[in-house]
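Topology and contacts: notes
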Amino acid sequence: MKRIFILLFSLLTVTIAKSQNYTWTNADLDDDFENPNNWTPTPLFGYPSFGETAIFDGTVSNGNCTMPNDEDFTTLSMLANYTGIVDASGVEVTLTNMSLQGGTFSSPASTLHISGNLVKGAAGIFTTTATSWLDYNLTSTTARSIVGAFPFRNLEITTTGNGNRILNFGAITATARN
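Section: unusual backbone geometry
A negative phi holds for most residues other than glycine; trans holds for most peptide bonds. In this structure, Pro41 follows Thr40 across a cis peptide bond, with omega equal to -15°. Within the secondary structure layout, Pro41 lies in the loop between strand E2 (39-40) and strand E3 (53-56). Residues other than glycine seldom take positive phi values, yet Leu29 does so here, at roughly 55°. For Leu29, the position within the fold is in the loop between strand E1 (21-24) and E2. Its identity is not glycine, yet Asp31 carries a phi of approximately 65°, on the positive side. Along the chain, Asp31 falls in the loop between E1 and E2.

Next up, the structure:
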């Protein structure tokens, strides 16, 4: 009975934490994405992870952020008032959605896996190099949007199953059939 209670409590805790938003504070001034003191509220697993959103809001902190290891979370939201740099050099970042309205997302020699929408506003900067990869995974038939000027160096689009895939590149819409 005790094991069942612990299992149920653990599942409930993870379920509640899944949809949480965390805001970057850089409170320890070390720029470390994986430092739990740099997020508010403090993430359950120390930093935003699967099912969670990382928010960079300039009214809270414009401090830079370095992702030291491969990261996997749901949404990266960099607000228009954020002026710092989120550095994903040499790591793999897996997201569902990315909204780059401000600041700089730097991904030299790295891979960005996206399965949802990519949106970039006028104040957002997306930097890559010749060895950067964007892996766009379209495993469902849901329409996806790429809005804004993203300097793709290497773009790989993966689909599974039957049906149309629609990518909206702003003024141009491309439809592919699997």
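As for empty space enclosed by the protein
All chains considered together, the criterion is met by one cavity of 30 Å³ or more. In this structure, the largest cavity occupies an estimated 60 Å³ of space. Here the lining of the largest cavity is built from residues that sort into six nonpolar, five polar and one charged.

Let's talk about the nonpolar core
Membership of the largest hydrophobic core comes to 29 residues, with the highest contact counts inside it found for Phe56, Leu76, Met98, Phe105 and Leu112. For this core, the secondary-structure elements that each account for two or more residues are E1, E3, strand E6 (75-78), strand E8 (92-95), strand E9 (97-100), strand E11 (111-114) and strand E14 (133-138). No other element matches the three residues that E14 contributes to this core. Setting aside anything within four residues of it in sequence, one finds Phe56 in contact with Trp24, Trp39, Cys65, Leu76, Ser77, Met78, Leu79, Tyr82 and Val86.

Here we look at the packing of aromatic side chains
In this description, an aromatic ring pair is defined by two values, namely the gap between the centres and the angle between the planes. Inspection of the entire model under this criterion finds eight aromatic pairs. Plain terms: the ring middles of Trp24 and Phe56 are 5.7 Å apart, the flat faces sit at 35° to each other, and that makes the pair tilted. Separated by 32 residues along the polypeptide, Trp24 in strand E1 and Phe56 in strand E3 bring together distant segments of the chain. Each member of the pair Trp24 and Phe56 is classed as buried. Taking 5.7 Å as the distance between ring centres and 75° as the angle between the ring planes, the aromatic pair formed by Trp39 and Phe56 counts as edge-to-face. Linking Trp39 in strand E2 with Phe56 in strand E3, this pair joins segments that are 17 residues apart in sequence.

So, the environment of Leu138
Considering the arrangement of structural elements, one finds Leu138 in strand E14. According to the relative accessible area criterion, Leu138 is buried, its value standing at 3%. With 22 residues separating them along the chain, Leu138 and Gly116 place their C-alpha atoms 7.9 Å apart.

Side note on the sheet that holds strand E13 (residues 125-127)
Judged by pairing direction, the sheet is parallel, and its four strands sit side by side in the order E4-E7-E10-E13 without closing on themselves. With partners counted over all chains shown, the strands left at the sheet margins are strand E4 (65-66) and E13, one partner each. Here strand E7 (residues 85-87) pairs with strand E10 (residues 104-106) via three bridges, running parallel. Across the sheet, residue Ile85 finds its bridge partner in E10, namely Thr104.

Parameters and conventions
- Residues numbered from 1 in each chain as written.
- Predicted model: local features only at pLDDT ≥ 70, side-chain atom pairs only at ≥ 80, totals over all residues.
- Heavy atoms only, no water.
- Helix = DSSP H or I, 4+ residues; strand = E, 2+ residues; numbered from the N terminus.
- 1 Å grid on protein atoms, 1.4 Å probe; cavity = no way out; pocket = protein on both sides within 12 Å on 5 of 7 lines; lining within 4 Å.
- Points joined across faces, edges and corners; volume = space filled by probe spheres on them.
- Nonpolar A, V, L, I, M, F, W, Y, C, P; charged D, E, K, R; others polar.
- Core = buried A, V, L, I, M, F, W, Y, C linked by side-chain atoms within 4.5 Å.
- Buried < 20%, exposed > 50% of the residue type's maximum accessible area, 1.4 Å probe, protein only.
- Contact = heavy atoms within 4.5 Å.
- Phe/Tyr/Trp six-rings, centres within 6.5 Å; stacked < 30°, edge-to-face > 60°.
- Pairing = 2+ DSSP bridges.

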